[in-house]
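Survey of secondary and tertiary structure
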Amino acid sequence: MARAENKAEAGGTAHLVAALAKGLREQQQLSQEQLGRKIGYTASAVSAMETCAQPASDQMLVKLEESIGGGLGVFGKARKWMLLEKYPARFRGFSELEAGAVTLSSYETLVVDGLFQTEEYARALIGGSYPPVSEQKREELVEARLARRRLFERNPAPMIELILEESVLRRPFGSWETLRGQLRSLAEDARRDNVCVQVLPLDRGLRGTYAGDRGAMKLVETQEHEHVVYMEIEDQGILINDPAEVSQLAHRYAKIRAQALSPDESLGLIERLAGEAG
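Overview of the structure.

Thresholds, definitions, all that
- Residues numbered from 1 in each chain as written.
- Predicted model: local features only at pLDDT ≥ 70, side-chain atom pairs only at ≥ 80, totals over all residues.
- Heavy atoms only, no water.
- Helix = DSSP H or I, 4+ residues; strand = E, 2+ residues; numbered from the N terminus.
- Axes fitted to C-alpha atoms, helices over the stretch in contact; angles between N-to-C directions.
- Parallel < 35°, antiparallel > 145°, perpendicular 65-115°, else oblique.
- Left-handed = near helix turned anticlockwise from the far one by under 90°.
- Contact = heavy atoms within 4.5 Å.
- Nonpolar A, V, L, I, M, F, W, Y, C, P; charged D, E, K, R; others polar.
- Salt bridge = Lys/Arg side-chain N within 4 Å of Asp/Glu carboxyl O.
- Buried < 20%, exposed > 50% of the residue type's maximum accessible area, 1.4 Å probe, protein only.

**Concerning the environment of glycine 237**
Tracing the sequence through the fold places glycine 237 in strand E6 (residues 236-240). Residues glycine 237 and glycine 11 lie 226 residues apart in sequence; the distance between their C-alpha atoms is 19 Å.

**Describing the packing of helix H11 (residues 176-190) against helix H13 (residues 263-276)**
Between H11 and H13, the shortest axis-to-axis distance is 8 Å and the interhelical angle comes to 155 degrees. Considered as vectors, H11 and H13 are oriented roughly antiparallel to each other. Crossing geometry of H11 relative to H13 is assigned as left-handed. Only Leu267, Ile270, Glu271, Leu273 and Ala274 of H13 make contact with H11, whose side of the interface consists of Arg180, Leu183, Arg184, Leu186, Ala187 and Ala190. Residues of the contact of H11 with H13, tallied by class, amount to eight nonpolar, no polar and three charged.

**Notes on the packing of helix H8 (residues 119-127) against helix H9 (residues 135-147)**
The contact between H8 and H9 brings their axes to 9 Å, and the two run at 135 degrees. Of the possible angle classes, the one that applies to H8 and H9 is oblique. Of the two elements, H8 crosses H9, and the hand of that crossing is right-handed. Across from Glu119, Ala122, Arg123, Leu125, Ile126 and Gly127 in H8, the residues of H9 making contact are Arg138, Glu139, Leu141, Val142, Arg145 and Leu146. Residues of the contact of H8 with H9, tallied by class, amount to six nonpolar, one polar and five charged.

**Let's talk about the pattern of salt bridges**
Counted by the stated rule, this structure contains 24 salt bridges. The partner of arginine 123 in a salt bridge is glutamate 139, and the shortest N-O contact between them spans 2.9 Å. Separated by 16 residues along the polypeptide, arginine 123 in helix H8 and glutamate 139 in helix H9 bring together distant segments of the chain. Since its relative accessible area comes to 28%, glutamate 139 is described here as partly exposed. Between glutamate 140 and lysine 137 there is a salt bridge, and its shortest N-O distance comes to 3.9 Å. On the criterion of helical spacing, the pair formed by glutamate 140 and lysine 137 is a turn pair, its members being three residues apart in helix H9.

Following this line, the structure appears as structure tokens:
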């Protein structure tokens, strides 16, 4: 059933990779079994890739490039687009903006921002969502989510800001150990020169003002220095580029940031909760 769904959902890049792989395999007079041995996969895995019953993983694309790519680089270039197709449709447009962002500013209210998630946290979160997804689809989504972390190492480095509700740091998924690992990873990311992590404390509303009541948002400054805002509501992605609306949301984000703990205070809280979780 899952493989039938994969065939139906496979995008253009998956079909192009499948056709190229099959064509190059046959041109080099290799059976599916022989190609499988060269790249470390079974014949059935090669067959599934060529029919889009199981589109090529990022690792398989690397192996295909090494074994039958002929120096053309086609499978290497396909990696970006294959990962893009694994994202939910609502997120694909934003993912390209995120990858090329000059500045990325996020406010999250329920879970750790996907860009900062560990593999274990992402797997627990995706695997426990509703409606449930197959194990195969879960692993594809985890792979795509982790690939977003390449942004941290991009040159030139973007400026990345993250504001988290304190409740996010206390909400476990999968296990307490998964949460501890996520908090330790978040603390490490917070120490990066191009990253700023802040926490909006649980008791902020007791002070009479609380700017975060409208929900999560992501603000992006593009390489063309345009400003857009992305929000998700019940599986619906909303991309806003109207200057007046973006300006209003940017002002609200600035107020949220002003109400949050300082970066140093936030890091101290994250480290303390990592030691206390569970």
